[in-house]
Amino acid sequence: MAEHQLPHVVIVGGGFGGLAVARALRKAPVRITVVDRSNHNLFQPLLYQVATATLAPGDIAAPIRHLLRKQRNVTVAMAEVTGVDVANRRVLVNYLGQPDTPFEYDYLILATGASHSYFGHNEFEPFAPGLKTLADAESVRAKVLKAFETAEIEEDPSKHQDLLTFVLVGAGPTGVEMAGALAELRRFTLKSDFRRIDPLRARIILAEALPRILANFPEELSRKAQARLESVGVELRLGKPVTAIDEAHVVIGDETIPCRTVIWTAGVTPSPAGKWLNAPTDKAGRVRVQPDCSVPGHAEVFVIGDTASLDQDGKPLPGVAQVAMQEGRYVGKVIENRETRRPAPQPFRYFDKGNMAVIGRGFAILDSRFAKLSGLPAWLAWAFIHILFLPAFGNRLRVWTQAIWSYFTRQKSSQLIVEPRSGQTPAPPGAQLSEKRSDGYQGLNMARNAGLLLLLLAGSLSLFPISLHAQSSNPGQPFEVSTMTESAAVTSANSAPASESPSATEKGWVVGIGSINAFYHSGATIATSGQTIPGATANVSNNYSLMFDVRRYIARDLSLTLMAGVPPKPTITGEGSVASLGELGKVRYGPAILTAEYHLPKLRAFRPYVGAGTAYAIILKEHDAAVSQLGVRNNWGTVLEAGAEHQLSRNMALFVDVKEVWLAVDAHGSLYGVAPVTAHVNLNPTIVSVGIRFHPSLGIFDRH
Ligand SMILES: Cc1cc2nc3c(=O)[nH]c(=O)nc-3n(C[C@H](O)[C@H](O)[C@H](O)COP(=O)(O)OP(=O)(O)OC[C@H]3O[C@@H](n4cnc5c(N)ncnc54)[C@H](O)[C@@H]3O)c2cc1C
C-alpha cells in the first residue's frame, strides 16, 4: 500500500502518553502525525530541579522531533490544537496563523496532559506561579534567586525577612521536593555567595490543607518525609487551607505571613479535551474513557494520560507518568491489532510500580509493592530510575554528571536569572529550550566532566541511548517496517518478564532490584610505614547489601550490567593497634559493580551466565580523628584515589548466575589509612557475594 493510503493516526501531545503511542506504533502499517504546541518532550518529574537551579532546562527536555527522528512513519508538527470535529474525523489546528485548520484523521489520540488548578481561586495566579512547563520553572527560578539578590541590596534590614520567606502551597510530591531543594539551596549552595545577608535566615514554609504531607503515601513514609523536612529547617503548616495571597502576604488558616515569594504546587486541571469532544467527563473535567481508552461511541478516538479518567478496581487511575505511558503503549497495540486484523487486546490494566518522592541530597521515600524504603537507599533508586527514564541520551549523561557533581559539591549549576530587560522583547519559547550555557558555564561543565570521567565511564556504559531504530524520519520516503525491536527499560518494564534474555533481534534494557548480597571480608592486617605491626589486626564485620542493577543487552546473550548497592556498615576495629591509629571506626561503602556478562545460550532454562567485572566501592569515612586520610587500594596495590572522603576501590570478579542466584568471588581490595605516621590497614579480603537478583520490571517515578 502506498504510504499516503495508510490510515492516518493523529496524536495530539508529545508528552509521556503521546510519545508512548507513537513509539508503540513504530512497526504498524500507519502514518502518524504528532502535533504538539511546544517543540519538546518534557520530563516533568525533574522540573523542580530547574526551578531550584540544579538543572538547566535543556537537561530535562528534548525536541520531540529529535526523539522520533529514526521512526520513519512519524511526522512531527509544532502547532496548537483548538478543537475536534468528531463527526467528520477532523482535528482543528491553529496552523501557520490560521485558526481551526482541519486535519483529517482515521485514529485520534488526545494526550494533552493537564495544567495547574487554583481550586477556583484564579486570583492567586499572578502572585503564586505554578510549575508545569519549562517556562514556569525558569520563572520560578528567577523569582527565587531574585529574592536573595533583592535582599542583598535592600538597605532596610527589617525588610529582609519578608523578602527571604518562601511559601509553597501544596505538600504533594512537587511541593515536598521543591521545599527540600530550596532548603539545600539556602543551606549549602548560597551560603557563601552573599555579603550582607545570611541565606540561612531564609524561611521555607510548606502549607497543606490536609493533615499530613504526601497524602498518597503510607502514613509511616509520610511521617519520615515530614521529619526529614523539619530536620532541614522547613516549616510546615498542615491542616489549614491557604485563603488569600497577594504580593506581600499569604494567609494560611488564621495566620498571615508576610512573604514575597509564593509558589503554587497544589492541584491540576486537565486539558479541555472533554469540551472538544463533547464527551462525558469526571468532576475534574477528565474524559471518561472505555476500558480500551477509547471515547464512548467513537472507537477511533482515544484519550490517555492526565486528561483521561479511567477506574480500576473501583478507583480512578492517578495522574502520573506511568499511567500515561502504559496507556499510550496499550492504545498503540489496540490500533496495530485492528490494522493487522488481530484480536483486540484485553482491557487496559495499569501496573502500579510504586511511588517516590525525594527530599534533598541523599533522602527519598519509595513506596512500591516490593519495598517501602526511606533514606539513602530510596534516594539511590530514585536517582538511578529518574536518570534512566530521561527522554534522550544527552539528557541522561548531563543529569548523571550533574547529579554526581551536586552530590559531592552541593553546588547547583544553573543559578542564572534569565529575563528580558525592560525594552527587550522576551525570547520565544523555543529559545529557552535551546538555551546555550555561557562560556563560563561550559568551562565549569568541562572541568566537572573531566573530574568525573571515571564515574562517567562506568555510568555511561550502561546508559546508551534507548532508541535503536535504524531509519530516519522522512515522510517523503516510502514506509518501511523497521527490523529492530525497540526494547528499552520502557518496554521491558511493561511487558516481557524482565529477567528473560532477549530474543535474537532484540537489544534492550533490564532494570533490576533486590539483589541481596552478602559480603564477607576475610580479615585484615595493620601496617605502619609499610611494616606489618606484630599483633595488630583489624576485623571487618560481615555485611550485606541491597543492589539495584541495570542490564543493557548489547548483543544476543551479551550484556553489560551496572549494579549499585546500598551502603552496608562494616565496622573496622583494630587490636593491638598503633596508638595514633586508634580505632578505625566505621566505614560505609556502597559497591558499584560494572560487569560484562555472557549468558550461556544452550542452558537458557537455567539462565546461567559468566562475567567479569570491576567493582567500585564508595567509601565514606567516619573514623578516628587521628587518622587523617583513608583510602582504598586495589588488588594491584595502585592507589586509585587518596585523601578524599569518597574513595574508589577496584576488584576483578567472576560471576556465576544460575537461576537468579549468583555467586561472585572477588579479589582483594585494601583499605589504608594515612595517619600522622603512615599506617595501612590491609584488608585483603576475599569478598564472596551471594545474592538473589530479581528483575521485576521496576517502574519509574510513579507516585501520588
Ligand atoms: C512538577 C511536576 C512533577 C511531576 N512529578 C511526577 C513524578 O515524579 N512522577 C510521576 O509519575 N508523575 C509526575 N508528574 C505527573 C506527570 O508528569 C504526568 O502525569 C504526565 O506528564 C502525564 O502525561 P501526559 O502524556 O498525559 O501529558 P504531558 O506529559 O503533560 O504531555 C502533554 C503534551 O500535550 C501538549 N499539549 C497540550 N495541549 C495541547 C494543545 N492544545 N495542542 C497541542 N499540544 C498540546 C503539551 O505541550 C505537552 O507536550 C509530575 C507533574 C508535574 C507538573
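Relevant structure appears above.
The following refers to the structure shown. These numbers come from a predicted model, not from an experiment.

So, how was this worked out
Residues numbered from 1 in each chain as written. Predicted model: local features only at pLDDT ≥ 70, side-chain atom pairs only at ≥ 80, totals over all residues. Helix = DSSP H or I, 4+ residues; strand = E, 2+ residues; numbered from the N terminus. Buried ≥ 20, exposed ≤ 12 C-beta atoms within 10 Å, placed from the backbone. Pairing = 2+ DSSP bridges. Axes fitted to C-alpha atoms, helices over the stretch in contact; angles between N-to-C directions. Parallel < 35°, antiparallel > 145°, perpendicular 65-115°, else oblique. Left-handed = near helix turned anticlockwise from the far one by under 90°. Contact = placed C-beta atoms within 7 Å. Nonpolar A, V, L, I, M, F, W, Y, C, P; charged D, E, K, R; others polar. Expected span 1.5 Å × (residues − 1). Core = buried A, V, L, I, M, F, W, Y, C linked by C-beta atoms within 7 Å. Domains from an automatic or database assignment. Near = placed C-beta within 6 Å.

A few words now on the overall build of the protein chain. Scanning the protein chain from terminus to terminus reveals 15 helices and 43 strands. The buried share of the protein chain, reckoned over its 704 residues, is 47%.

Neither face of strand β26 (residues 364–367) is open: one carries Ala364 and Leu366, the other Ile365 and Asp367, and all of them are buried. With four bridges connecting them, strand β25 (residues 355–358) and β26 associate as antiparallel partners. When the bridges of β26 are listed, Met356 appears paired with Leu366. Between β25 and β26, which follow one another and run antiparallel, lie five residues, and Gly360 among them has a positive phi close to 70°. Where β26 meets strand β27 (residues 372–375), four bridges bridge the pair, whose relative direction is antiparallel. The residue of β27 that forms the bridge with Asp367 is Lys372.

The next point concerns the packing of helix α1 (residues 16–24) against helix α9 (residues 321–339). The interhelical angle for the contact between α1 and α9, taken along N-to-C directions, is 30°, at an axis separation of 7 Å. Judged by the angle between their axes, α1 and α9 are roughly parallel. Between α1 and α9 lies a crossing whose hand is right-handed. In this structure, α1 contributes Phe16, Gly17, Gly18, Ala20, Val21 and Ala24 to the contact, and α9 contributes Ala321, Ala324, Met325, Glu327, Gly328, Arg329, Val331, Gly332 and Lys333. For the contact of α1 with α9, the residue count by class is eight nonpolar, four polar and three charged.

Time to look at unusual backbone geometry. A positive phi angle, near 75°, is found at Ala53, a position not held by glycine. Position of Ala53 among the secondary structure elements: in the loop between α2 (47–51) and β4 (61–63). According to the C-beta neighbour criterion, Ala53 is buried, with 25 such atoms within 10 Å. Backbone geometry places Arg341, a non-glycine residue, at a positive phi of 55°. Mapped onto the secondary structure, Arg341 falls in the loop between α9 and β25.

Attention now moves to α9. Given 3.6 residues per helical turn, the α-helix brings residues three or four places apart onto the same face. In a regular helix each residue adds 1.5 Å, so 19 residues correspond to 27 Å; α9 covers 27 Å between its end C-alpha atoms and thus fits that length. A positive backbone phi angle near 55° is found at Arg341, which sits one or two residues after α9.

So, about the nonpolar core. Ranked by size, the top nonpolar core spans 140 residues in total, and within it Ile11, Ile109, Ala179, Cys293, Val303 and Ala364 carry the most contacts. Among the elements that take part in this core, helix α10 (residues 376–388) stands out by supplying nine residues, more than any other. Both of domain 1 (3–37 + 79–116 + 269–339) and domain 2 (122–266 + 356–421 + 437–461) provide at least three residues apiece to this core. Among all residues touching Ile109, those that are not within four sequence positions of it are Val9, Ile11, Val12, Gly18, Val21, Phe302, Ile304 and Val331.

For strand β2 (residues 31–36), a buried count of six out of six residues is recorded, marking the element as mostly surrounded by other parts of the structure. Of the two faces of β2, the one lined by Arg31, Thr33 and Val35 and the one lined by Ile32, Val34 and Asp36 are each fully buried. By the bridge criterion, five bridges tie strand β1 (residues 8–12) to β2 in an arrangement that is parallel. Within β2, the position partnered with Val9 by the bridge is Ile32. Direction of pairing for β2 relative to strand β5 (residues 74–78): parallel, over a ladder of five bridges. Among the inter-strand pairings, Ile32 is bridged to a residue of β5, identified as Val74.

Bringing helix α7 (residues 219–231) into the picture now. Here α7 contains 13 residues, and its C-alpha end-to-end distance of 18 Å stays within 8% of the 18 Å for a straight helix at 1.5 Å per residue. When α7 is considered as a whole, its buried residues turn out to be Leu221, Ser222, Lys224, Ala225, Gln226, Arg228 and Leu229. Contacts from the buried residues of α7 go to α6 (173–189), β12 (203–208), β13 (234–238), β25, β26 and β27. Backbone geometry just downstream of α7 places Gly233 in the positive-phi region, at approximately 90°.

Gly13, Gly15, Gly17, Gly113 and Gly305 are the nearest of the 35 residues found near the ligand. Put simply, the parts of the chain that give the shell around the ligand at least two residues each are α1, β2, β6 (80–85), α6 and α9. Of the residues contributing to the shell around the ligand, the split by class is 13 nonpolar, 15 polar and seven charged. Of the domains in this structure, domain 1 (3–37 + 79–116 + 269–339) and domain 2 (122–266 + 356–421 + 437–461) are the two that each give at least three residues to the shell around the ligand.

With that settled, consider the sheet that holds strand β8 (residues 98–104). With antiparallel pairing, the three strands of this open sheet are ordered in space as β6-β7-β8. Two strands bound the open sheet, and with one partner strand each, they are β6 and β8. Going from strand to strand, the sheet's axes swing by 30° on average, the running direction of each strand aside. Pairing of β6 with strand β7 (residues 90–95), which is carried by five bridges, proceeds in the antiparallel orientation. Bridging from a neighbouring strand, Val84 pairs with Val91 of β7.

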